[in-house]
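Understanding the architecture of this molecule
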Amino acid sequence: KQQILLAERPKGTPDEHTFQFVEADIKQPEEGEVLIQTLYVSVDPYMRGRMIDAPSYVAPFELNAVIDGGVIGKVIASKSNQLEIGDIVIGGYGWQTHYTASEDEVRKVDKEIAPISTHLGILGMTGLTAYFGLLDIGRPKEGETVVISGAAGAVGSVVGQIAKIKGAYVVGIAGSDEKNRYLSDELQFDATINYKTTTNLANDIAKACPNGVDVYFDNVGGDISDAVHANLNKFARIPVCGAISSYNLEGEDIGPRIQTTLIKKSALMQGFTLGDYADRFPEGSKALAQWLQQGKLQYQETIKEGFENIPDAFLDLFKGNNTGKLLVKIAEQ
Ligand code: NDP
């Protein structure tokens, strides 16, 4: 089997020295274990944070160990009473083509409800992040204006659609005209802004939001967020989900201070991680699956093929080469 290890902790943007491909033996399952063949590997921005040795809400990756993260796989050998050959499972065992798991380490997923890859995206980690961050912290009311940065990504595209379901006026900020056309034409966003071609982002946000900004779902941080903060309404809510614009910075992320804005606007800014909502996952999963089945939610995936392309796919996140969830397909179902 093949594995990808963290060879070096990156400074700035990760490169070919960050990752090392190795071969390893497949271990046949013992009692209570299954052998899994990887079908889809999830690449996610948070993994960048785990590549450095700094305290966070999840432990750093270990050097010279397999990079872990969300994976969908197929059981190809079983010595378990709970899982049989052909079952599709989700786990966190990361960047390797095969894995021998204890039966409690992975969870069987429903193959019928939607394509299996959705359990890593709209029905999985990124969909749930959108659901809880928007509804628990953002709390959009009908007719309010919701602005989303990273709007065409895995989390952002779901946030906008849930905000529409709740009757909000939805404005997306993304990095290409093609992404913005997708948001307007397919997902029915009310307005979009391309932050790469604008000459005055704060003005464009003001124009796109004639009634100001009530909820700002922040996926990116940095200058984009500074421009949104300049347009907040009184009692605005800001779920701080991610800050991808800073993940590869080598120096400090320096910008305008926000305290006086928060005071003047009586605004609420709250960071969160999906793990905060672990006891409510069933509620979120049920709502997302229902909306998907009712046709109220749509999704797009960007799928790269081939185990050898996992590091490139990961780096694509920072180049904006994805619309919706970015996945790597390793083998046929
Ligand atoms: P995305 O699918 O949104 O992919 C990342 C996107 O970020 C790219 O497509 C790109 O789109 C945009 N981007 C990259 N670099 C920059 C930059 N310098 N400035 C602005 N935009 C940039 O990823 P996810 O949906 O998985 O994650 C979105 C955010 O949510 C991330 O910050 C992530 O860390 C965070 N997150 C947080 C969780 C939590 O529990 N708090 C859980 C999951 C994700 P574009 O073309 O528009 O630039």
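Residues numbered from 1 in each chain as written. Predicted model: local features only at pLDDT ≥ 70, side-chain atom pairs only at ≥ 80, totals over all residues.

Under an unreviewed UniProt entry, the name given to the protein is NADP-dependent dehydrogenase, and the source organism is Gracilibacillus halophilus YIM-C55.5.

Quick notes on the overall build of the protein
Worth spelling out the cut-off: Helix and strand labels come from DSSP, where a helix needs a run of H or I of at least four residues and a strand needs a run of E of at least two; each type is numbered from the N terminus. Only the C-alpha atoms count toward the radius of gyration. The rule for a globule is 2.2 Å times the residue count to the power 0.38. Any residue surrounded by 20 or more other C-beta atoms within 10 Å of its C-beta is treated as buried, while 12 or fewer makes it exposed and the intermediate range makes it partly exposed; C-beta atoms here are placed from the backbone. Our contact criterion uses C-beta atoms placed from the backbone: two residues qualify when those atoms are within 7 Å.
Within the protein one finds nine helices and 15 strands. Compactness check: the protein gives a C-alpha radius of gyration of 20 Å against a globular reference of 20 Å for 333 residues, within 12% of the reference. Each principal axis of the C-alpha atoms in the protein carries an extent, and together these give about 60 × 45 × 35 Å. Taking all 333 residues of the protein together, 44% fall into the buried category. Taking the intrachain contacts of the protein between residues at least 6 apart in sequence as the baseline, contacts between residues at least 24 apart amount to 65%.

As for the site of the ligand
Threshold: As a rule, any residue with its backbone-derived C-beta atom within 6 Å of a molecule or strand is reported as near that molecule or strand. In this classification, Asp, Glu, Lys and Arg are treated as charged, Ala, Val, Leu, Ile, Met, Phe, Trp, Tyr, Cys and Pro as nonpolar, and every other residue, Gly included, as polar. In this entry, domain limits derive from an automatic or database-based domain assignment.
Not every one of the 31 residues close to the ligand is listed here, only the nearest: G153, A154, G175, G242 and G320. Mapped onto the shell around the ligand, the elements with two or more residues apiece are α2 (125-138), α3 (154-165) and α9 (310-319). With three residues, α3 is the largest single contributor of residues to the shell around the ligand. Looking at the shell around the ligand, its residues break down into 16 nonpolar, 13 polar and two charged. Both domains that meet at the shell around the ligand, namely domain 1 (2-121 + 300-329) and domain 2 (125-276), each give it at least three residues.

Focus on the domain arrangement of the protein
The domain boundaries assigned to the protein delineate domain 1 (2-121 + 300-329) and domain 2 (125-276). Just the C-alpha atoms count here: the centres of domain 1 and domain 2 sit 29 Å apart. In this assembly, 18 residues from domain 1 lie in contact with 18 residues from domain 2. Listed by contribution, the elements that provide at least two residues to the side of domain 1 that touches domain 2 are α1 (46-50) and β15 (325-329). Partitioning the side of domain 1 that touches domain 2 into residue classes produces five nonpolar, 10 polar and three charged.

Section: the nonpolar core
Going by this rule: Linking buried Ala, Val, Leu, Ile, Met, Phe, Trp, Tyr and Cys residues through C-beta atoms within 7 Å yields a set, and such a set is a nonpolar core.
With 90 residues, the main nonpolar core has Y40, V41, V43, V147, V159 and Y216 as its most contacted residues. Counting the residues that make up this core, at least three belong to each of domain 1 (2-121 + 300-329) and domain 2 (125-276). Setting aside anything within four residues of it in sequence, one finds Y40 in contact with V71, I72, S117, L120, L327, V328, K329 and I330.

Here's the deal with the sheet that holds strand β12 (residues 232-240)
Our working definition: One bridge is not enough; two strands pair if DSSP finds at least two bridges between them. Note on geometry: axes are C-alpha line fits, over the in-contact stretch for helices, and angles between N-to-C directions span 0 to 180 degrees.
The strand order across the open sheet formed by six strands is β10-β9-β8-β11-β12-β13, and the pairing between neighbours is parallel. Bordering the open sheet on either side are β10 (191-194) and β13 (268-271), each of which pairs with just one other strand. Pairwise comparison of adjacent strand axes, ignoring direction, gives a mean angle of 15° for this sheet. Direction of pairing for strand β11 (residues 213-217) relative to β12: parallel, over a ladder of two bridges. Its bridge partner being in β12, V213 is matched across the sheet by L232. Sitting on the sheet, α2 is in contact with β8 (145-149), β11, β12 and β13, with an inclination near 145° to β12. Where helix α5 (residues 201-208) meets the sheet, its contacts fall on β8, β9 (169-174) and β10, and the angle it forms with β10 comes to roughly 170°.

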